[in-house]
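Now for the letters of each chain:
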Amino acid sequence: MNATTPPPSTEAADRKPCYQVQRAHRSEFLELRGLRHHLMHWRSEAASEHSTASAQPLLVMVHGWMDVGASFQFVVDALSALNDRRPIVTLDWRGFGLSDNAPGSNYWFPDYLADLDALLDRLSPEAPVDLLGHSMGGNIVMSYAGVRPERVRRLINLEGFGLPEAKPEQAPGRLATWLKELKEPPQLRPYASVEAVAQRLIKTNPRLSPDKAAWLAPHWSRQQADGNWQLLADPAHKRANPILYRKDEIVAGWKLITAPTLWVEGEASDLSQFWGDRYPRADFEARLSAVPQLAKHRIADAGHMLHHDQPEALARCLEDFLLA
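Quick notes on the rules
Position numbers for residues start from 1 in each chain and track the written sequence from start to end. Side-chain atom pairs in this predicted model are given and counted only at pLDDT of 80 or more, local residue features only at pLDDT of at least 70, and totals for whole chains, interfaces and linings cover all residues. The basis for every side-chain value is the complete set of heavy atoms in the structure, and neither hydrogens nor water enter the calculation. Counting from the N terminus, the helices are the DSSP runs of H or I reaching at least four residues and the strands are the DSSP runs of E reaching at least two. Computation of the radius of gyration draws on C-alpha atoms alone. For the globule rule, the value is 2.2 Å times the number of residues to the power 0.38. The buried label goes to any residue with under 20% of its type's maximum accessible area, the exposed label to any with over 50%, and the partly exposed label to all in between, with areas taken from a 1.4 Å probe on protein chains only. Whether two residues touch is decided by their heavy atoms; if any such pair falls within 4.5 Å, the residues are in contact. Neither His nor the chain termini are counted; the positive set is Lys and Arg, and the negative set is Asp and Glu. Working definition for charges: the position is that of NZ of Lys, CZ of Arg, CG of Asp or CD of Glu. The span you would expect from a helix comes to 1.5 Å times its residue count less one. Every axis in this analysis is a line fitted to C-alpha atoms, fitted for helices over the stretch in contact. Angles between the N-to-C directions lie between 0 and 180 degrees. When the near helix sits turned anticlockwise from the far one by under a right angle, the crossing is termed left-handed; a clockwise turn instead gives a right-handed crossing. Note that Gly is not counted as nonpolar here; it falls among the polar residues with everything else outside the nonpolar set of Ala, Val, Leu, Ile, Met, Phe, Trp, Tyr, Cys and Pro and the charged set of Asp, Glu, Lys and Arg. Two strands are said to pair when DSSP picks up at least two bridges between them.

Our next topic: the overall build of the protein chain. What the protein chain contains, in helices and strands, is twelve helices and ten strands. Rg of the C-alpha trace for the protein chain: 19 Å, near the compact-globule value of 20 Å for 324 residues, within the 12% margin. For the C-alpha atoms alone, the extent of the protein chain along its principal axes is close to 55 × 50 × 40 Å. Counting every position in the protein chain, which comprises 324 residues, the buried fraction comes to 54%. Looking at the protein chain alone, contacts between residues at least 24 apart form 77% of all its contacts between residues at least 6 apart. Across the protein chain, the 36 positively charged side chains and the 40 negatively charged ones have centroids separated by 3 Å.

As structure tokens, this is what we get:
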């Protein structure tokens, strides 16, 4: 199923200086595994739709938790050396952005891999793609590249650190919390205006400039019938996951990655801001060392949202890696 949709309304956001897009996107909806998913396409006029015969492979970018595909607009604009050579696509994961929520609002990690697999079946069934993921998306693409190595030409992980190793004794408590939260559905707070959403984005990431926040806010939220603005995310994502994160299983997949892999992080990023002492940096480095062909890069003056903080510097890094 294909459809196009106009970009979200920016009427309120236009009251303040708003980021000027350099390369406009085209929205599309595809049904993947029974759910309608939202895609954003950027491609040169010379490239035919869904062609696998382009001069360069398809570049697929996938976002992190509580984010949307539009988050990559700034780095797409900065990818000058790639803009005329290849198509670029982003996906809103199930339960985020304009994609459908999961049935019963249940979100399991393997479903993200299956959605990605279905997407590549549709967009590039014959040719391997270049695959980039940020944060949660970085973890998804790493696992996917391990179980579907033939489908990935080059792999990029932006700050996809993963989670602290879970212990078996945590399982009963986690299940009890999950059962309790099923009876007390989580909620996302409303915002009085799209400007308030933009301020929320800046509060979360002080490096985000006001013009970029003004552009992102109407892509990240939607106005409701009561006039308030609601984030485009299923509140169920806030529930405790009843399935423990098993580090050894994740690393086993990373060992099977055959694509040259690039790890990118912001110099100001710090694992302890998320997990305290539960996830030492040495633990992550040990995991990363399992990847067979690995290059590393750090972006100055950037934190976890490095594609917002320094899109030009990130774009130069990606171009060096993808065009090598």
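Having seen the structure, we can now continue with the description.
To continue, consider helix 3 (residues 109-123). A rise of 1.5 Å per residue sets the reference length of helix 3, with its 15 residues, at 21 Å; its end C-alpha atoms lie 22 Å apart and thus fit the reference within 8%. The elements touched by buried residues of helix 3 are strand 1 (26-32), strand 2 (35-42), strand 3 (59-62), strand 4 (88-91), strand 5 (129-134) and helix 4 (136-147).

A separate point is the packing of helix 6 (residues 194-204) against helix 7 (residues 210-220). One way to put it is that helix 6 packs onto helix 7 with a least axis distance of 8 Å and a crossing angle of 120 degrees. Regarding helix 6 and helix 7, the two cross each other, and that crossing is right-handed. The residues of helix 7 that touch helix 6, namely those facing Val194, Val197, Ala198, Arg200, Leu201 and Ile202, are Pro210, Ala213, Ala214, Leu216, Ala217, Pro218 and Trp220. Per-class residue counts for the contact of helix 6 with helix 7 are twelve nonpolar, no polar and one charged.

Bringing the sheet that holds strand 1 into the picture now. In spatial order, the strands read 1-2-4-3-5-6-9-10; together these eight strands make up an open sheet with mixed pairing. Of all strands in the sheet, those with a lone pairing partner are strand 1 and strand 10 (294-299), marking the two edges. When strand polarity is set aside, the average angle formed by the axes of neighbouring strands in this sheet is 20 degrees. Two strands pair when backbone bridges link them, and strand 3 and strand 4 are joined in this way by four bridges, in the parallel orientation. Bridge pairing links Met61 to Thr90 in strand 4. Against the sheet, helix 4 touches strand 3, strand 5, strand 6 (152-158) and strand 9 (261-266), its axis set at about 140 degrees to strand 5. Where helix 12 (residues 311-322) meets the sheet, it contacts strand 3, strand 5, strand 6, strand 9 and strand 10, and its direction lies at approximately 155 degrees from that of strand 6.

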